[in-house]
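Chain residues, written in single-letter form:
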Amino acid sequence: MSERFDFTGDELAPAYRAAVDAIEAGDLVVMPTDTVYGLAADAFKADAVQRLLDAKGRGRDMPPPVLISVVESLDALATDIPDNGRKLCEEFWPGPLTVICHAQTSLMWDLGDTQGTVALRVPDHENTRELLSRTGPLAVSSANKSGQPAALDVYDAEEQLGESVAVYLDGGEATGGRPSTIVDLTGDTPRVVRVGALSVDQLRAVVPDVAAESDEKPAEDKPTDEQPAEDKPAEDKPAEDKPAEDKPVDGEATGEAVVASKEDDTKTDPDVRPADQGHDS
């Protein structure tokens, strides 16, 4: 039977204890992030990650990203990180930046069909980072059924996910709203594969050579007012063309469900609108 705990204020001990126990048991936990609510599982328990995918109605071709508590954990999970990519992490973590990296080959985990990569983020949510410091890295996707609006409060998450989740942490209404910006660090130059809460200009203020898909798109390829943005793939949309939405959709908790390969830089729900693709947690 699911339990719900208050995740605000100073009396957090019961919430932390219940969440840690659930993660250690291989169960699922819903928790707030700086974007939307996230659905979390132990990243090193394959059955727990599969339980997360099943709860969302998602396949292994859409592996969840991983949330960590501090930037110093980056090298424990990823390898061959370029200096310019590391500068972005140091500048924007904690915060809405997800980076796609080559995963450490020694790691004993199974997040799905990752093609040897992992998407990492440090969320800008103090209580959630404290939880991550106690559990270790968590596979986290937005707390909703795949293709449905991402939960902005614990009650919405509970309505969608029900008894598939052991512990719900109530941190109040999520106020972030926009997904994280996703940057691929698997090449020589950091490349933006989704613009979210951080703009390309903000990234370039730190690393001037950041590449963006919009640099290569002719003007006629940009979405128009006559063609709804949600009917176009995310990679064809610069941030300024994305409409604001009252409720973000699947993937925003971590910046989420995203993984890179040489052939396919992002994998997202096919029915997810661009504003969401995770994320996210």
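How each quantity is defined
Residues numbered from 1 in each chain as written. Predicted model: local features only at pLDDT ≥ 70, side-chain atom pairs only at ≥ 80, totals over all residues. Heavy atoms only, no water. Buried < 20%, exposed > 50% of the residue type's maximum accessible area, 1.4 Å probe, protein only. Helix = DSSP H or I, 4+ residues; strand = E, 2+ residues; numbered from the N terminus. Arc of directions from axis to C-beta. Contact = heavy atoms within 4.5 Å. Polar contact = N/O pair within 3.5 Å; in protein donor to acceptor, adjacent residues only side chain to side chain. Phe/Tyr/Trp six-rings, centres within 6.5 Å; stacked < 30°, edge-to-face > 60°.

We now examine helix 5 (residues 126–135). Note on helix geometry: an α-helix contains 3.6 residues per turn, so any two residues three or four positions apart are oriented the same way. Within the sequence span of helix 5, burial applies to Asn-127, Thr-128, Leu-131, Leu-132 and Thr-135. Down the axis, helix 5 shows its buried residues gathered within 145° of arc, on one side only. Packing partners of the buried residues in helix 5 comprise helix 1 (13–24), strand 2 (29–32), strand 4 (66–67), strand 8 (138–142) and strand 9 (167–170). Gly-136, located one to two residues past helix 5, shows a positive phi value of around 85°.

Attention now moves to the side chain of Asn-144. Turning to its location among the elements, Asn-144 is positioned in the loop between strand 8 and helix 6 (154–161). A residue is classified by how much of its surface remains accessible, and Asn-144, at 0% relative accessible area, is buried. A polar side-chain atom of Asn-144 sits 2.7 Å from a polar atom in the side chain of Ser-142. Within polar-contact distance, the side chain of Asn-144 engages the backbone oxygen of Gln-148 at 3.1 Å.

Inspection of every chain in the model, using the stated rule, returns two aromatic pairs. Seen in terms of ring centroids, Phe-7 and Tyr-16 are 5.6 Å apart; in terms of plane orientation they differ by 80°. Their pairing is edge-to-face. Tyr-16 matches Phe-7 in its accessibility class, with the two residues each being buried. For the ring pair Phe-44 and Trp-109, a centre distance of 5.2 Å and an interplane angle of 25° mean the geometry is stacked. Highlighted residues: Phe-44 in the loop between strand 3 (37–42) and helix 2 (46–56) and Trp-109 in the loop between strand 6 (97–103) and strand 7 (117–121), separated in sequence by 65 residues.

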